[in-house]
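# Analysis of the macromolecular model
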Amino acid sequence: MRLQFVLTEVLQGLRRNLSMVISVVLVTFVSLTFVGAAALLQSQVTKLKGDWYDLVEVSVFLCPDGSTAPTCAEGEATEEQIEGLEKVIDTELSDVVATTYFESKTDAFEAFTQLYPDGYQGTQLTEDDMQASFRLKLVDPEKYQVVDDVLEGRSGVEVVEDQREVFEPLFLALGRASLLAAGLAGVMLLAAVLLITTTIRLSAVSRRRETGIMRLVGASNLFVQLPFMLEGAIAALVGALLAVGGLWLAVQYLVTDWLQDSVDWVAYVDVGDVLLVAPLLIGIAVLLAVVSSVVTLNRYTRV
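In this section: the overall build of the protein chain. Within the protein chain, the secondary structure is distributed over nine helices and four strands. Reading the protein chain from its N terminus to its C terminus gives the helix and strand order α-α-β-α-β-α-β-α-β-α-α-α-α. For the protein chain, the proportion of its 303 residues judged to be buried stands at 40%. Residue pairs at least 24 apart in sequence account for 81% of intrachain contacts in the protein chain once pairs closer than 6 positions are excluded. Carbon and sulfur atoms form 62% of the exposed surface of the protein chain, whose accessible area is close to 16900 Å².

Now for the side chain of aspartate 273. Take aspartate 273: it is sitting in helix H9 (residues 271-300). Residue aspartate 273 is classed as buried on the basis of its relative accessible area, which comes to 11%. If sequence neighbours within four positions are ignored, aspartate 273 has contacts with Leu40, Ser43 and Lys47.

Residues Trp248, Leu249, Tyr253 and Leu275 make up a contiguous nonpolar surface patch of about 420 Å² in total accessible area. Within the fold, tyrosine 253 resides in helix H8 (residues 221-262).

A few words on the state of the cysteines. Inspection of every chain in the model, using the stated rule, returns one disulfide. For cysteine 63, the disulfide goes to cysteine 72, at an S-S distance of 1.9 Å. Disulfide cysteine 63 to cysteine 72: torsion about the S-S bond roughly -80°, handedness left-handed. Residue classification places cysteine 72 among the buried residues on the basis of a relative accessible area of 3%.

Time to look at the nonpolar core. Core analysis: the biggest nonpolar cluster contains 35 residues, and Leu32, Val35, Leu40, Ile196, Val274 and Leu281 have the highest contact counts within it. If you list the elements that add at least two residues to this core, you get helix H2 (18-52), helix H6 (164-206), H8 and H9. Sequence-distant contacts of leucine 281, that is, excluding residues within four places in its chain, are made with Leu32, Val35, Gly36, Ala240, Val244 and Leu247. Membership of the second largest hydrophobic core comes to 24 residues, among which are Val58, Leu62, Cys63 and Ala77.

So, on to the environment of leucine 138. Structurally, leucine 138 can be placed in strand E3 (residues 133-138). Overall, the relative accessible area of 10% leaves leucine 138 in the buried class. Sequence separation between leucine 138 and alanine 98 is 40 residues; the distance between their C-alpha atoms is 5.1 Å. Every residue in contact with leucine 138, bar those within four places of it in the chain, is listed here: Val58, Val96, Val97, Ala98, Lys143, Tyr144 and Val147.

Now for helix H5 (residues 144-151). Of all the residues in H5, the buried ones are Tyr144, Val147, Asp148, Val150 and Leu151. Buried residues of H5 fall within an arc of 170° about the axis and therefore sit on the same side. Immediately downstream of H5, the backbone of glycine 153 shows phi near 90°, a positive value.

The rules behind these values
- Residues numbered from 1 in each chain as written.
- Predicted model: local features only at pLDDT ≥ 70, side-chain atom pairs only at ≥ 80, totals over all residues.
- Heavy atoms only, no water.
- Helix = DSSP H or I, 4+ residues; strand = E, 2+ residues; numbered from the N terminus.
- Buried < 20%, exposed > 50% of the residue type's maximum accessible area, 1.4 Å probe, protein only.
- Contact = heavy atoms within 4.5 Å.
- Areas by Shrake-Rupley, 256 points an atom, 1.4 Å probe, with all protein chains shown as cover.
- Patch = residues over 30% accessible without salt bridge, like charges linked within 9 Å, V, L, I, M, F, W, Y side chains within 5 Å.
- Salt bridge = Lys/Arg side-chain N within 4 Å of Asp/Glu carboxyl O.
- Disulfide = S-S within 2.5 Å.
- Core = buried A, V, L, I, M, F, W, Y, C linked by side-chain atoms within 4.5 Å.
- Arc of directions from axis to C-beta.

These figures capture arrangement, not role.
Here it is, written out as structure tokens:
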């Protein structure tokens, strides 16, 4: 009987404040869409780092003829210098470097002719124009600085380059986009909280006579406040489900069906990631609705 009464009150409240309820649904939908987008962007950055950082290498370019680097004052790197660098890598960097590949000038020229059979920007280079190098695959790509500290400045080494630098601008852009989405989500969540508070307050004020009668017959605070709390929670829950549905459609049709078919060498977020984010969005929506309702109802319905 009590449950039926509560459900009846909830339905009546939703019907009386239908326009405000729709506003709560829409604002919650927009705000949680931004929250979900921020979470998915962060997940995308993590996927890209996991895949690409496993592929990147540290390139140790050896001194060519004519280099102005201080370590190349003796000219092109000699066999003794190359052997010395191999020994350093095998001993001092054995815990950091997973695999080592030496690319001679001949190897570099073969790779160049495969990539640019007609020359680079109209210029046909020769084997003497190539530069020998060591390609180091690290156990942990984040430990590039250890390699740089050991090899940079050694005789025969012109420069040590980390290929991660190629990807960092992309990761930085995605990270900033994620922060922007999170900031917009915060503003919209604040708007949702204020709108839920206003909706509950209007509903409570319009039904003061009913709640007063319930107080006279001995109803508890929870029993009086529960219909109002459920109204806010239902509206927020609907908004959260719409946000999850919108993100699911966006990922399925824009990422999986379109972007992944166009650029298939990148690991993208998928609908599974959306399903992982869904409980977070639903939890945020219900929590905000309940907390906003309790704070408001303690002022307007509590004895």
